[in-house]
Amino acid sequence: MKTYLITGVSQGIGQTIKTTLLKEGNNVIGIDKISDPDQKQLEETYDGQYTFHLLGLGERDVVKSFIDSFDQKIDGIVNNAGEIYFNDWETFSVEDWDR
């Protein structure tokens, strides 16, 4: 059994990766900026194998605090989180990038 940290677990590809890894018997630490609709059911089905953290990766201080408090060994990271943001390149700022 391995432990994976997955971002963007609440929908789409991240949701599928999360479910697949759990079915294979792995531990999953899920992160997303929106609530995970599967959280309660997965926590019950995979007792102790799934934990979810409501966390926006664009919030640097919050991410740093989460990492600093983390004491679990991670075997793999799936950096799946993403956001579509439309803006002209000329006006695209560092703050836009950090979202």
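In this report, the structure presented in the accompanying data block is examined. (Residues numbered from 1 in each chain as written. Predicted model: local features only at pLDDT ≥ 70, side-chain atom pairs only at ≥ 80, totals over all residues. Heavy atoms only, no water.)

1. Brief notes about the sheet that holds strand S1 (residues 3-7)
For sheets, the rule is that strands pair by backbone hydrogen bonds, running either parallel or antiparallel. Basically, it comes down to this: Whether two strands pair depends on DSSP finding at least two bridges between them. A helix here means a DSSP run of H or I that spans at least four residues, while a strand means a run of E at least two residues long, and both kinds are numbered starting from the N terminus. To obtain an axis, a line is fitted to C-alpha atoms, over the contacting stretch when the element is a helix, and the angle between two such axes runs from 0 to 180 degrees between their N-to-C directions. Any two residues whose heavy atoms approach within 4.5 Å at even a single point are treated as in contact.
The strand order across the open sheet formed by 4 strands is S3-S2-S1-S4, and the pairing between neighbours is parallel. What marks the edges here is a single partner per strand, and that holds for strand S3 (50-54) and strand S4 (76-79). Averaged over all adjacent pairs, the angle separating strand axes in this sheet is 15°, with direction ignored. Pairing of strand S2 (residues 27-32) with S3 involves 5 bridges; the strand directions are parallel. By the bridge assignment, aspartate 32 is partnered in S3 with leucine 54. Strands S1, S2, S3 and S4 of the sheet are contacted by helix H1 (residues 12-23), whose axis makes an angle of about 165° with S1.

2. A closer look at H1
Rules: Here a helix's expected span is defined as the number of its residues, less one, multiplied by 1.5 Å. Type-normalised accessible area, obtained with a 1.4 Å probe on protein chains alone, sets the label of each residue: buried when under 20%, exposed when over 50%, and partly exposed for intermediate values. Read the arc as the range of directions from the helix axis to the C-beta atoms.
With 12 residues, H1 should cover 16 Å at 1.5 Å per step; its first-to-last C-alpha distance of 17 Å lies within 8% of that length. Among the residues of H1, Gly14, Lys18, Leu21 and Leu22 are the ones counted as buried. Seen along its axis, H1 keeps its buried residues to an arc of 100°; they face one direction. Residues of H1 that are exposed and angled more than 90 degrees away from the buried face: Ile13, Thr16 and Lys23.

3. Some details on the packing of aromatic side chains
So the rule is basically this: Pairing of aromatic rings covers Phe, Tyr and Trp, the last counted by its six-membered ring, and requires centre-to-centre distances within 6.5 Å; plane angles under 30 degrees mean stacked, over 60 mean edge-to-face, and any other angle means tilted.
Within this structure, the stated rule accounts for 1 aromatic pair. Look at phenylalanine 66 and phenylalanine 70: their rings are 5.4 Å apart centre to centre, the planes differ by 45°, and that puts the pair in the tilted class. With a relative accessible area of 14%, phenylalanine 66 lands in the buried category. With relative accessibility at 25%, the residue phenylalanine 70 sits in the partly exposed group.

4. Side note on the pattern of salt bridges
Quick reminder of the rule: Whenever a carboxyl oxygen of Asp or Glu lies within 4 Å of a side-chain nitrogen of Lys or Arg, that contact is scored as a salt bridge.
All chains considered together, the criterion is met by 4 salt bridges. Note that lysine 73 is salt-bridged to aspartate 75, the shortest N-O span being 2.6 Å. Beyond isolated ion pairs, a larger network of salt bridges with shared partners links Lys18, Asp36 and Asp38.

5. Topic: the side chain of serine 10
Basically, it comes down to this: Here a polar contact is taken to be a pair of N or O atoms separated by no more than 3.5 Å, where protein atoms must pair a possible hydrogen donor with a possible acceptor and residues adjacent in sequence count only if both atoms sit in side chains.
Inspection of the secondary structure assignment puts serine 10 in the loop between S1 and H1. From its side chain, serine 10 meets the backbone oxygen of serine 35 in a polar contact 3.2 Å long. In contact with serine 10, other than residues within four places in its own chain, are Gln15, Asp32, Ile34, Ser35, Asp36, Pro37 and Phe52.

6. Points about the nonpolar core
Condition: Nonpolar cores were defined as sets of buried Ala, Val, Leu, Ile, Met, Phe, Trp, Tyr and Cys residues, with membership established by side-chain atoms within 4.5 Å.
Within the largest apolar cluster, 10 residues are counted, these being Tyr4, Ile6, Val9, Leu21, Leu22, Val28, Leu42, Tyr46, Tyr50 and Phe52. Once residues lying within four places of it in the same chain are set aside, the contact partners of leucine 42 are Lys18, Leu22 and Tyr50.

7. Things to note about the environment of threonine 45
Relative to the helices and strands, threonine 45 is located in helix H2 (residues 39-45). By relative accessible area, threonine 45 is classed as partly exposed at 49%. Among the polar contacts made by the side chain of threonine 45, one reaches the main-chain carbonyl oxygen of glutamine 41 at a distance of 2.9 Å.

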